[in-house]
Amino acid sequence: PAIYAVIPAAGIGTRMQADRPKQYLTLAGKTILEHTLNALASHAAISEVIVALHPDDPYFTDLPVAGSPWLTTVTGGNERADSVLNALRALSDDSWALVHDAARPCLDHEDIDRLLTVTDRDDVAGGILATPVRDTMKRAHAGQATVAHTESRDDLWHALTPQLFPTGLLRQALTDGLAAGQPITDEASAMELAGFEVALIDANPANIKITRPADLPLAAFYLQQQT
Ligand code: C5P
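So, how was this worked out
- Residues numbered from 1 in each chain as written.
- Predicted model: local features only at pLDDT ≥ 70, side-chain atom pairs only at ≥ 80, totals over all residues.
- Heavy atoms only, no water.
- Helix = DSSP H or I, 4+ residues; strand = E, 2+ residues; numbered from the N terminus.
- Polar contact = N/O pair within 3.5 Å; in protein donor to acceptor, adjacent residues only side chain to side chain.
- Buried < 20%, exposed > 50% of the residue type's maximum accessible area, 1.4 Å probe, protein only.
- Contact = heavy atoms within 4.5 Å.
- Near = heavy atom within 4 Å.
- Areas by Shrake-Rupley, 256 points an atom, 1.4 Å probe, with all protein chains shown as cover.
- Nonpolar A, V, L, I, M, F, W, Y, C, P; charged D, E, K, R; others polar.

Colleague: Explanation requested: the side chain of Ser-68 in the structure shown.
Modeller: Relative to the helices and strands, Ser-68 resides in the loop between strand S4 (46-53) and strand S5 (71-75). Side-chain polar atoms of Ser-68 contact the backbone oxygen of Val-65, separated by 2.6 Å.

The structure is reproduced here in structure tokens:
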């Protein structure tokens, strides 16, 4: 079956305090979104890339990648999960959807290769890139910056992207999760709620999500290490 990359890029990125959404900030000569799109489109197993954009996005059409034959755009939604669903509607049930944050430009092909091995497994429905938690984890008193207790970090992982699932199963799981009013901050959370097993694939920690201004020089460093 075909593997399609789905990029939710319809967020407005208020935490960056920039004049434009973070995916349109420039990093090493290109926008973050272009680095992300190129990292996926350049992988031989990925047949097409579908990017979900904000309905009022004024930036995308000016990018050199806009109009590439391997690229399709759809309109994003209110939540990340709505944006992903809009992209999945264009895809056939028996394909695989590899969903990746626009704000993670440092993805490398080795990580994509490792994630793709889940398509051959019958013990899981799909999988996600993740990194084991290394710091000691504190649970705070609700809404406060004081410690209620220490959580065990055994068996705790950070969920990254890409996340890879059969398109038909993921579309149904996201639809049901949204209808149930569940918080869905990644694709795996919808699949878990639907009762599916999800593989954790140990990822390169360089695959950071750009969230704060200090992440930009760090991402530039990781991109430079790749070439
Ligand atoms: O805000 P956060 O960093 O969690 O966003 C993760 C990704 O989801 C970003 O690439 C963002 O553009 C995307 N997103 C979206 N539609 C929304 C909200 C976020 O495509 N409504």
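Colleague: What is the right way to look at the environment of Leu-63 in this model?
Modeller: Mapping Leu-63 onto the fold places it in the loop between S4 and S5. Taking relative accessible area as the criterion, Leu-63 reaches 8% and is therefore assigned buried. Each residue touching Leu-63, except ones within four places of it in the same chain, is listed here: Tyr-24, Thr-31, Leu-33 and Glu-34.

Colleague: I would appreciate a short explanation of the site of the ligand in the present structure.
Modeller: Surrounding the ligand, one finds 15 residues, the nearest of these being Pro-8, Ala-10, Lys-22, Gly-77 and Ser-83. Between the ligand and Lys-22, the relevant distance is 2.9 Å, taken from an oxygen atom to a side-chain nitrogen or oxygen of the residue. Its free accessible area being 470 Å², the ligand has 82% of it covered by the protein chains. Tallied by class, the residues present in the shell around the ligand amount to five nonpolar, four polar and six charged.

Such coordinate-based values are descriptive only and should not be taken to indicate function.
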